[in-house]
Amino acid sequence: MRIKLAVLILFSLVLNGCKPSVPDGVLSPNEMEDLLYDYHLADAMAQDEGIDEGYKERMYRAAVLKKHDVSQAVFDSSMVYYLRHTEELQKIYEHLSDRLNDEVVALGGSSKGMSDFSLNGDTANVWTGVSTMVLDPHEPFNLYNFEIPVDTSFHKGDQLMLNFESEFIYQDGMRDGVAVLAVKFANDSVATQSVHMSSPISYRVTIADNDHLGIKEIKGFFILNKGNDPSGQSSSTLRLMILKNITLIRMREPKQDPEKMKQDSINAARIDSMEQRRMPLPQQSVNMNI
């Protein structure tokens with residue numbers, strides 16, 4: 001009897017373990033990843049053609065749903081579910097980023113970029129946050145704050161370059177993302193730079209320690225604004241901004257060789273002296289009395 005009971009309990013546990021981790025009517029993470037992969041490719045095709053982009057996007061997206069045998073209602077419900085489970089959506093887009101990079105390599109491109117820099121050296125990737133994120137206009141999922149630790153590897157005169165790529169999945173509304181980079185220097189002065197994102201392209205924000213003060217703090221944020229929906233309460237409209245391949249590159253000011261600087265000064269002085277000798281004498285006016 002005890003053996004039968006143990007078998008029943010084990011069988012029940014196995015059945016529970018095999019149940020899908022998402023509710024009925026919601027695509028599984030693998031299904032969602034495959035659909036979104038084709039979704040992004042469809043958007044890229046529509047943008048490449050550049051004619052009546054909105055119509056092309058709708059047509060290609062409908063073709064993707066038909067290919068995967070998924071209705072618009074199921075897709076929308078799935079997106080609502082994953083927006084409420086941002087960790088799962090984050091994992092999906094991390095996988096998507098890898099797949100898209102692999103596609104670039106397969107087409108003869110290179111997946112190597114700024115993220116390949118180590119933390120050491122004159123040029124280093126000091127980004128410590130996630131490399132891929134998904135934002136939607138609803139608080140608190142519309143904002144990602146970051147703060148980068150500053151240590152002795154930072155030198156006076158360093159330059160910082162924030163790089164990332166953006167993608168959008170919008171059913172309607174204005175795309176309005178913003179990235180802000182703020183740097184506090186040793187004298188507590190602050191420099192900020194920002195960029196607005198509305199297109200699926202690469203972006204760059206740079207700040208340099210031109211006055212050689214030394215960098216004290218590095219902060220910033222990414223935000224997706226509500227656009228033309230001031231209430232921001234529309235849960236039935238799909239609006240997503242995906243940021244990927246995020247890096248923060250610290251570039252050290254090139255070191256000057258004292259001997260080379262001295263020789264350059266000597267050469268410059270010689271050139272100035274030669275130029276002065278080559279200058280023609282000023283013409284003198286001559287009065288001729290006839």
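Every value quoted in this text rests on a predicted model; they were computed, and no experiment measured them.

What counts and how
- Counting restarts for each chain: residues are numbered from 1 in the order of the written sequence.
- In keeping with the model being predicted, local features are shown solely for residues with a pLDDT of at least 70 and side-chain atom pairs are shown and tallied solely at 80 or more, while totals for entire chains, interfaces and linings include all residues.
- Computation of side-chain values covers all heavy atoms of the structure but excludes hydrogens and water.
- Any two of the Phe, Tyr and Trp rings considered here, Trp counted by its six-membered ring, make a pair once their centres fall within 6.5 Å; the pair's planes then place it as stacked at under 30 degrees, edge-to-face at over 60, or tilted in between.
- To qualify as a helix, a DSSP run of H or I must reach at least 4 residues; to qualify as a strand, a run of E must reach at least 2; elements of each kind are numbered from the N terminus.
- Here's how the labels work: a residue is buried when its accessible area is under 20% of the maximum for its type, exposed when over 50%, partly exposed in between, all with a 1.4 Å probe on protein chains only.
- Distance and angle both matter: a charge sits over a ring if NZ of Lys or CZ of Arg is within 6 Å of the ring centre and within 35 degrees of the ring normal.
- What we call a nonpolar core is a set of buried Ala, Val, Leu, Ile, Met, Phe, Trp, Tyr and Cys residues that are connected through their side-chain atoms within 4.5 Å.
- Note on contacts: a residue pair qualifies if any of its non-hydrogen atoms lie within 4.5 Å across the two residues.
- Patch construction takes residues with relative accessible area above 30% that form no salt bridge. Like charges are linked within 9 Å, and nonpolar side chains (Val, Leu, Ile, Met, Phe, Trp, Tyr) are linked within 5 Å.
- In this description, accessible areas are obtained by the Shrake-Rupley approach with a 1.4 Å probe, and a residue is regarded as covered only by the protein chains that are shown.
- For this document, the term salt bridge refers to a Lys or Arg side-chain nitrogen within 4 Å of an Asp or Glu carboxyl oxygen.
- Only four residue types enter the charge count, namely Lys and Arg as positive and Asp and Glu as negative; His and the chain termini do not.
- Think of each charge as sitting on NZ of Lys, CZ of Arg, CG of Asp or CD of Glu.
- Whenever a nitrogen or oxygen atom comes within 3.5 Å of another N or O atom, the pair is scored as a polar contact, on the condition that within protein one atom can donate a hydrogen and the other can accept it, and that pairs from neighbouring residues in sequence are kept only if both atoms are in side chains.

The subject of this paragraph is the packing of aromatic side chains. Following the criterion strictly, the structure yields 7 aromatic pairs and no others. For the pair W127 and F222, a centre-to-centre distance of 6.4 Å together with 70 degrees between the ring planes defines the contact as edge-to-face. Here W127 is found in the loop between β1 (123-125) and β2 (133-135), whereas its partner F222 is found in strand β8 (residues 215-224), with 95 residues between them in sequence. Just as W127 is buried, F222 falls in that class too. Note that R250 overlies the ring of F154, its terminal NZ or CZ placed 5.2 Å from the centroid.

Backbone phi values are negative for most residues with the exception of glycine, while trans is the configuration of most peptide bonds. In this structure, D188 takes a positive phi of about 70 degrees despite not being glycine. Following the sequence through the fold, D188 ends up in the loop between β5 (177-185) and β6 (190-197). Phi is positive for H212, which is not a glycine, with a value near 55 degrees. Structurally, H212 is set in the loop between β7 (202-208) and β8.

What follows covers the nonpolar core. Within the largest apolar cluster, 29 residues are counted, with the highest numbers of intra-cluster contacts made by L162, F164, M197, F222 and L248. Secondary-structure elements contributing two or more residues to this core are β2, β3 (143-148), β4 (159-170), β5, β6, β7, β8 and β9 (239-251). In contact with L248, other than residues within four places in its own chain, are A124, N125, V126, W127, I148, L160, M161, L162, L181 and I218. Counting 28 residues, the second-largest nonpolar core is a separate cluster that includes V26, Y60, Y82 and Y93.

Attention shifts here to the environment of D158. Mapping D158 onto the fold places it in the loop between β3 and β4. Judged by relative accessible area, which is 0%, D158 ranks as buried. Placed 35 residues apart in sequence, D158 and T123 show a C-alpha to C-alpha distance of 9.7 Å. Beyond its immediate stretch of four places on either side in the chain, D158 contacts S153, A208, D209, I215, R250, M251, R252 and E253.

This part covers a negative patch on the surface. Negative charge collects at one region of the surface, where E94, D98, D102 and E103 lie side by side. As for its position among the elements, E94 is in helix α5 (residues 86-106).

Attention now goes to the side chain of N163. Position of N163 relative to the elements: it lies in strand β4. Here N163 falls in the buried class, since its relative accessible area comes to 9%. At a separation of 3.2 Å, a polar atom in the side chain of N163 contacts the main-chain carbonyl oxygen of M161.

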